[in-house]
Amino acid sequence: MTHKKLKYAKLKYDQSITPDNSMKKLHLLLEYKYLVAIIYTVALFCDRLDLTIVNIALPTLADYFHLPIEETSWISNSFLLALGVSIPLSSWLGAKYGLKKIFLIALSLFGLTSLLCAFSPNVYSMIALRFLQGIGGGLLTPVGMTMVYRAFEPAEYVSITSFIFIPVLIAPAAAPALGGILLTIASWPWLFIIVVPFCLITFIAALFILKEHKEPVMPPIDWLGLLLATASLTLLLAALALISKTGLTLSTTTCWLAAVIAIILFISFEAKQTHPFIDLTFFKNKSFLQANLIQLTFQICLTSSFFLIGLYLQIAVKMSALHTGLIIGMQALGAMCSNRYSVKLFRRFGPARPIILGLIGVAFISPLILTVSAPQQILLGCGLLFIRGLFTGLCGAPLQTMGLITFSKQTINQASAVFTACRQVSISLGIAIFSLFIAYGLQAFNVRILDLAHPAPLHKAFTMAFLFMPIAALAGIAIALTIERKKEFCKMPVD
């Protein structure tokens, strides 16, 4: 190379590292839309961590508060009930008072109530605080997702959703193992304290980075619709809890009847409203309806199953909280491995193929967890949950994108809130159903939770609950087979 060429090459290299060029690269890396995604992802991570970390401690909390194990489901369900109710309200509050303002208020409420849960004197105060925490989480999730979708173009939705899902999948992986460690070296209050620093850091970042957005004119809130929605969901969960505790009695029948009446009143009332609390017309969108129906089956097999698996491993198999947490965490690690691959399948074949493949795997693997029958079988449990996670990871991003991609930016706020609310209701119903099956199994085999002398009946008591998962997965597969590949899916760019 001649001296002239060497001089030119050196000049080009020097230009490539000038401060202006470096700042341009840094500016691209810290583009506003990516900062919004990062802030929302951390907040969502805190929400998922606090939801799932409690499941590992339910046997400990049952012993601490002197509760039957199946009744501890209300510690999780109170949180989920509040999520289901507050999520549809979030779209109206965010549009009227500002997305940033509601996001900051929700994050503050979530972090504060998590801290207060650590000092609960009894189970009733914990359930009440978990409900308030769920209100914060319920406002946080859809408002943050709306800010993300407003910052990105529709063609980028599946890609950014899959990246957001990675930390969401990390939370269920980290939560059980972290919960097991905290229960081993400290005590249960630390399960609630652990998210507080994350909430504080995220609040400071959101305060200085996020831009405000609110609608100039907003319709009045449908308070009666809110009341009927709350009553419907509460009565439905209470009816499931009652039938698991007392069987088919007059009080249980009355509760079921009241739940059905409340649901009918809610649907008929909302259908007549100009500005309903939950816009039921969204369900006329075929992709949205299909995504929500599949999501019901998928969440039963995914998030709700953490409640079941955690109880089974600790109560029937007699594993420690630490080992249980490590095993459950492997499912989320498996999901992380297949999450990005689901995007490639989505872009090439549409949402049906990754969803069907995922649910087939879940249907096959879930009952095999019952083969883990001794505390020494940790590797078997880790292997089964990791493989199960590979299949669950194929479903999350395609479901989310399929449900929302056909909506415009003007309506995606409300649609995202309804979709997220349906997800939380699905998780609540799943936990309630698993509680019902566990209670029925314990009664059928006439065993007590702490009856260490009869491990076989305790193992059998969980069988019906585990067999319900493949049934739910097969129902999801049947719905997924009806999915058509729309032009919106075909336009997605390939990485």
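Everything numeric here is computed off the predicted structure, so don't read it as measured data.

Turning our eyes to something else, we now look at the overall build of the protein. Helices and strands together make up the secondary structure of the protein, namely 22 helices and 0 strands. Expressed as a percentage of its 495 residues, the buried residues of the protein come to 54%. In the protein, the proportion of contacts linking residues at least 24 apart, taken out of those at least 6 apart, comes to 84%. Of the roughly 21300 Å² that the protein leaves accessible, carbon and sulfur atoms contribute 72%.

Another point: the nonpolar core. Membership of the largest hydrophobic core comes to 138 residues, with the highest contact counts inside it found for Leu-61, Phe-103, Phe-462 and Phe-466. Sorting elements by how many residues they give to this core places helix H19 (residues 412-444) first, with 15 residues. Non-local contacts of Phe-462, meaning those with residues more than four positions away in its chain, are made with Leu-308, Leu-311, Tyr-312, Ile-315, Ala-316 and Ile-438.

As a further point, take unusual backbone geometry. The bulk of non-glycine residues show a negative phi, and the bulk of peptide bonds are trans. Positive phi, close to 70°, is recorded for Lys-318, a residue that is not glycine. Relative to the helices and strands, Lys-318 resides in the loop between helix H14 (303-316) and helix H15 (321-349). Judged by relative accessible area, Lys-318 falls into the partly exposed class, the value being 30%.

In this section: the pattern of salt bridges. Scanning all chains against the criterion turns up 2 salt bridges. We note a salt bridge from Arg-48 to Asp-47, for which the minimum N-O separation is 2.5 Å. For Asp-47, a relative accessible area of 0% translates into the label buried. For Asp-50, the salt bridge identified is with Arg-130, shortest N-O distance 3.6 Å. Of this pair, Asp-50 sits in helix H3 (residues 32-53) while Arg-130 sits in helix H7 (residues 123-151); the two residues are 80 residues apart in sequence, bridging distant segments of the chain. Assessed through its relative accessible area of 0%, Arg-130 is described here as buried.

So, about the confidence of the model for the protein. Detailed reading of predicted coordinates is not advised where the pLDDT is low. Confidence in the prediction for the protein averages 79 pLDDT; 83% of positions are at 70 or higher. Put simply, helix H1 (residues 3-16) is where the protein has its lowest mean pLDDT, 47, and helix H17 (residues 378-392) is where it has its highest, 93. Contacts for the low-pLDDT stretch residues 6-19, under 50 throughout, to residues beyond four places or in other chains number 5 contacts.

Turning to helix H4 (residues 58-65), a few remarks are in order. Buried within H4 are the following residues: Leu-58, Pro-59, Leu-61, Ala-62 and Phe-65. The arc that holds every buried residue of H4, seen down its axis, measures 165°, which confines them to one face. Positive backbone phi, at 60°, marks His-66, one or two positions downstream of H4.

Checked against the element boundaries, Leu-191 lands in helix H9 (residues 190-193). Measuring from C-alpha to C-alpha, the distance between Leu-191 and Leu-178 comes to 8.4 Å, with 13 residues separating the pair along the chain. If near-sequence neighbours (up to four positions away) are discounted, Leu-191 is found in contact with Asp-50, Ile-53, Ala-57, Gly-179, Leu-182 and Leu-183.

Topologically, Leu-115 is positioned in helix H6 (residues 99-117). On the basis of relative accessibility, which here comes to 31%, the residue Leu-115 falls in the partly exposed class. Separated by 74 residues in the primary sequence, Leu-115 and Pro-189 place their C-alpha atoms 8.6 Å from one another. Discounting chain neighbours no more than four positions away, the residues touching Leu-115 are Phe-192, Ile-193 and Val-196.

Put simply, H3 and H6 touch, their axes get as near as 12 Å, and they point 30° apart. The angle between the axes of H3 and H6 places the two elements in the roughly parallel class. Once H3 is placed against H6, the crossing between them reads as left-handed. On the side of H3, the interface is formed by Ile-39, Ala-43, Cys-46, Asp-47 and Asp-50, while H6 contributes Phe-103, Leu-107, Phe-110 and Ser-114. When its residues are assigned to classes, the contact of H3 with H6 shows 6 nonpolar, 1 polar and 2 charged.

Looking now at H17. Given a rise of 1.5 Å per residue, 15 residues ought to cover 21 Å, and the 21 Å separating the end C-alpha atoms of H17 matches this to within 8%. Residues of H17 that are buried: Gly-381, Cys-382, Leu-384, Leu-385, Arg-388, Gly-389 and Thr-392. Around the axis of H17, the buried residues are gathered within 165° of arc, so they sit on the same side.

Before going further, it helps to examine the side chain of Asn-292. Mapped onto the secondary structure, Asn-292 falls in helix H13 (residues 286-301). Using a relative accessible area of 7% as the deciding quantity, one classes Asn-292 as buried. There is a polar contact of 2.8 Å between the side chain of Asn-292 and the backbone oxygen of Phe-288. When neighbours within four sequence positions are excluded, Asn-292 is seen to be in contact with Phe-283, Phe-419 and Cys-422.

Turning next to the packing of aromatic side chains. Scanning the entire structure with this criterion turns up 13 aromatic pairs. Grouping aromatic residues by their ring pairs yields a cluster made of Tyr-64, Phe-65, Trp-188 and Phe-192. Positioned above the aromatic ring of Phe-349 is the side chain of Arg-353, whose terminal nitrogen or guanidinium carbon lies 3.8 Å from the ring centre.

What follows is about the environment of Lys-33. Within the secondary structure, Lys-33 is located in helix H3. What makes Lys-33 buried here is its relative accessible area of 15%. Note: C-alpha distance between Lys-33 and Leu-210 (177 residues apart in sequence) is 9.6 Å. Once residues lying within four places of it in the same chain are set aside, the contact partners of Lys-33 are Ala-151, Phe-152 and Glu-156.

This part takes up the side chain of Asp-47. Relative to the helices and strands, Asp-47 is located in helix H3. Those residues in contact with Asp-47, other than ones at most four positions away along the chain, are Phe-79, Leu-83, Phe-110, Gly-137 and Thr-141.

Reading the values: rules and limits
Residues numbered from 1 in each chain as written. Predicted model: local features only at pLDDT ≥ 70, side-chain atom pairs only at ≥ 80, totals over all residues. Heavy atoms only, no water. Helix = DSSP H or I, 4+ residues; strand = E, 2+ residues; numbered from the N terminus. Buried < 20%, exposed > 50% of the residue type's maximum accessible area, 1.4 Å probe, protein only. Contact = heavy atoms within 4.5 Å. Areas by Shrake-Rupley, 256 points an atom, 1.4 Å probe, with all protein chains shown as cover. Core = buried A, V, L, I, M, F, W, Y, C linked by side-chain atoms within 4.5 Å. Salt bridge = Lys/Arg side-chain N within 4 Å of Asp/Glu carboxyl O. pLDDT = per-residue confidence, 0-100. Arc of directions from axis to C-beta. Axes fitted to C-alpha atoms, helices over the stretch in contact; angles between N-to-C directions. Parallel < 35°, antiparallel > 145°, perpendicular 65-115°, else oblique. Left-handed = near helix turned anticlockwise from the far one by under 90°. Nonpolar A, V, L, I, M, F, W, Y, C, P; charged D, E, K, R; others polar. Expected span 1.5 Å × (residues − 1). Polar contact = N/O pair within 3.5 Å; in protein donor to acceptor, adjacent residues only side chain to side chain. Phe/Tyr/Trp six-rings, centres within 6.5 Å; stacked < 30°, edge-to-face > 60°. Lys NZ or Arg CZ within 6 Å of the ring centre and 35° of its normal.

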